[in-house]
Amino acid sequence: MGNCFSGGGQGGRLVGGAAAAAGGAGLKSGADGAVNLFLKSGCLRSPYTQIELSLSATDLCDEDVLSMSDSLAIVYAKKKDGKLEELGRTEVILNSANPVWTQKIIINYEFEVLQHLVFQVYDVESVFHNVPAKMLKLEEQQLLGEASSVLSEVVTTPTRSLTLNLDRKENNKTHMRKLGKLNVCVNESLGSKTIMEIVFRCSELETKDLFSRSDPFLLMSRKEESGVLVPISKTEVKKNDRHPIWKPLIVNLQQIVSKENPLAIECFNFNSNGKHELIGKVIKSLAELEKLHHSQHGEDLFLPTLVGNDYEDKVLKSQIFVERFSHSRSKTFLDYISDGCELNFMVAIDFTASNGNPRLPDSLHYIDPSGRPNAYQRAILEVGEVLQFYDAHRRFPAWGFGARPIDGPVSHCFNLNGSTYQPEVEGIQGIMSAYISALHNVSLAGPTLFGHVISAAALIAGQSLSNSKQKYFILLIVTDGVITDLQETKDALVKASDLPLSILIVGVGGADFKEMEILDAEKGERIESPTGRVASRDIVQFVAMRDAQSGEVSVIQSLLAELPRQFMSYMQSRDVDQPN
């Protein structure tokens, strides 16, 4: 078995920190961590990026006898069960073999989900030319051809466009005749690029704590027509302060929907038990907040108060001010990807003895002859299938840890492919093959140590940084147990937080992973090394496979949802091609 090498050259110092739209980019204190849990319970999450699909076609086959086709294009989302859900359709273009449809299809780009799209092009019968496109019954039209793609394939191209061959199945066989080509182009909506930065302050806040002043923070929410509040962003907690001025609160226009949409700005008193008390609130649109800034006047907070059987708004002496209000165009995650920045996938697999004998069916490493993947394979496949599209070469470093090679001592970081120096394998299938091969060439041992594989990943990230390459690295660690080198791991994580690196940890099996949550700053306190140095960024996400499977959120979504935010916090803090 080959060995990993660790050392210096980790390069790059994180300068400052950029505020993030949904809770800040850096590591959180205990108070802020609890606030985040509170917000998550109110369904706060990073917003989807809204994108526009533009479609055109070339060389469509002629189905009409005396003219060219009268074409309509439809876009579907293909669900896990294979069913198609219509996302939108274009207008009908008459008598053209090379239609360019002007109707855009609006869809939500979700990084953490593999979004399979199906495109169908129809020839609309002449008797239906006066019928609105959305009212057309497709069974009455002629299917010209069909194509499919994953949305990630389109957004990761430099031009954000892809040309697909149209085909058609007849009698369960794919039609081999040339049916034309479909061109798919994506653009982000302007709202996702328009950023507002708002600085709030309050005066004369009421004291809620018995022996001290309040510990206030603000929560901004969008008010829906139904009256439901959808949390968007929050400030930090200001300890023991009746006249707080918070750090800038950053939102994009897509989150707000429109500048006239009503927003609730609520001021809460932080409590460590999670039961935060409402101090007061205001309802203002973005446009009204901007006017409040220009006027330099304060707005009275009010507090809904129960009077009899109804609530009345009690106006308070406390006021809220808008100290600063600015808006700008900002570079987005997809902008960086289109400009050539790649996400490089790495994986580290736990080969400790607690996994059980791989030859026995009750082992977590058992390879089922039927082809049914074990927990390790599922985690790698589900995460890797999403990330692979963001790496042009698809060569992935893969390591194992906690095993004894046939003729050597226990290794806490060995190359999965057996090479002495080169850890990379070809594609996701290469990881699978190297994993199965390693099971035949090592003896499971222990203990469970993360420090070595984190250092190996950090070394690669550091070398890439020193070579000025636009790459961001994601290390997936799949393990069945709690680590025994907690302090060494913390030290490695603190050093790695300065690098273009995120770490995803999946716990498999029935172990109690509560201690593992210490490494995830979203679920615990900030990470600090034995020397007292604090991580400059939150780079770790942890999930237990059983938790992700028992709920509605898949392991992919649980692990990957935070990656764009972590990526942006790193890029912005290093001023990598800042706002365009």
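Residues numbered from 1 in each chain as written. Predicted model: local features only at pLDDT ≥ 70, side-chain atom pairs only at ≥ 80, totals over all residues. Heavy atoms only, no water.

An unreviewed UniProt entry lists the protein chain under the name C2 domain-containing protein, with Ensete ventricosum as the source organism. Regarding the protein chain, the relevant UniProt record gives this comment under Subcellular location (unreviewed entry): "Cell membrane". The annotation that UniProt attaches to the protein chain under Sequence similarities (unreviewed entry) is "Belongs to the copine family." (UniProt positions renumbered as here; feature names shortened; annotations may be inferred.)

Engineer: Explain the side chain of arginine 160 to me, please; I cannot follow it from the model alone.
Structural biologist: One can find arginine 160 in the loop between helix 2 (151-155) and strand 8 (161-165). Among the residues examined, arginine 160 registers a relative accessible area of 9% and is labelled buried. (Helix = DSSP H or I, 4+ residues; strand = E, 2+ residues; numbered from the N terminus. Buried < 20%, exposed > 50% of the residue type's maximum accessible area, 1.4 Å probe, protein only.)

Engineer: Looking at this structure, I do not really get unusual backbone geometry. What am I missing?
Structural biologist: Outside of glycine, negative phi angles account for most residues, and trans bonds account for most peptide bonds. Residues glycine 446 and proline 447 are joined by a peptide bond in cis, for which omega reads 0 degrees. Examined against the element boundaries, proline 447 turns out to sit in the loop between strand 25 (442-444) and helix 8 (451-466). Its identity is not glycine, yet arginine 160 carries a phi of approximately 55 degrees, on the positive side. A positive phi is found at glutamate 204, a non-glycine position, where the angle reads about 55 degrees. With respect to the helices, strands and loops of the structure, glutamate 204 is situated in the loop between strand 12 (194-203) and strand 13 (216-223). Glutamate 204 sits in the partly exposed class, given a relative accessible area of 39%.

Engineer: Would you take a moment to explain the packing of helix 6 (residues 375-387) against helix 7 (residues 427-439) for this structure?
Structural biologist: Each pair of packed helices can be described by the angle between their axes along with the distance between the axes. Across the interface, helix 6 lies against helix 7 with an axial gap of 10 Å and an inter-helix angle of 165 degrees. With respect to their mutual orientation, helix 6 and helix 7 come out roughly antiparallel. Seen along the crossing, helix 6 lies across helix 7 with a hand that is right-handed. Across the interface between the two elements, Tyr376, Gln377, Ile380, Leu381 and Gly384 from helix 6 touch Ile428, Ile431, Met432, Tyr435 and Ile436 from helix 7. Residues of the contact of helix 6 with helix 7, tallied by class, amount to eight nonpolar, two polar and no charged. (Axes fitted to C-alpha atoms, helices over the stretch in contact; angles between N-to-C directions. Parallel < 35°, antiparallel > 145°, perpendicular 65-115°, else oblique. Left-handed = near helix turned anticlockwise from the far one by under 90°. Contact = heavy atoms within 4.5 Å. Nonpolar A, V, L, I, M, F, W, Y, C, P; charged D, E, K, R; others polar.)

Engineer: What am I meant to see in helix 8 here?
Structural biologist: Think of an α-helix as 3.6 residues a turn; residues three or four steps apart then line up on the same face. With 16 residues, helix 8 ought to run about 22 Å at 1.5 Å a step, and its terminal C-alpha atoms sit 22 Å apart, in line with that. Those residues of helix 8 not exposed but buried are Gly451, Val453, Ile454, Ala456, Ala457, Ala458, Leu459, Ala461, Gly462, Ser464 and Leu465. In this structure, the buried residues of helix 8 make contact with strand 20 (342-350), strand 21 (395-401), strand 26 (471-479), helix 9 (486-496), strand 27 (501-507) and helix 12 (563-573). Looking one or two residues beyond helix 8, the residue adopting positive phi is serine 468, at roughly 60 degrees. (Expected span 1.5 Å × (residues − 1).)

Engineer: What exactly am I supposed to notice about the sheet that holds strand 2 (residues 49-58) here?
Structural biologist: In sheet architecture, strand pairing relies on hydrogen bonds along the backbone and comes in two forms, parallel and antiparallel. Reading across the sheet, the four strands line up as 5-2-11-8 and stay open at both edges, with antiparallel pairing between neighbours. Each end of this open sheet is capped by a strand with a single partner; those strands are strand 5 (105-109) and strand 8. Direction aside, the axes of adjacent strands within the sheet are offset by 30 degrees on average. Pairing analysis gives five bridges linking strand 8 to strand 11 (residues 181-188), with the strands arranged antiparallel. (Pairing = 2+ DSSP bridges.)

Engineer: Is there a simple way to think about the sheet that holds strand 6 (residues 116-123) in this case?
Structural biologist: With antiparallel pairing, four strands are arranged side by side in an open sheet as 4-3-6-7. Each having just a single partner strand, strand 4 (84-89) and strand 7 (142-150) make up the two edges of the open sheet. When the angles between neighbouring strand axes are averaged without regard to direction, this sheet yields 25 degrees.

Engineer: How should the environment of serine 295 be read in this particular structure?
Structural biologist: Turning to its location among the elements, serine 295 is positioned in helix 4 (residues 286-295). C-alpha separation for the pair serine 295 and valine 322, spaced 27 residues apart in sequence, amounts to 9.3 Å.

Engineer: What is the right way to read the nonpolar core from this model?
Structural biologist: Generally speaking, soluble globular proteins have nonpolar side chains that are buried together. One finds Phe351 and Leu501 to be the most contacted residues of the largest nonpolar core, which totals 114 residues. Met196, Phe200, Ile279 and Leu301 belong to the second largest nonpolar core, which has 26 residues in total. (Core = buried A, V, L, I, M, F, W, Y, C linked by side-chain atoms within 4.5 Å.)

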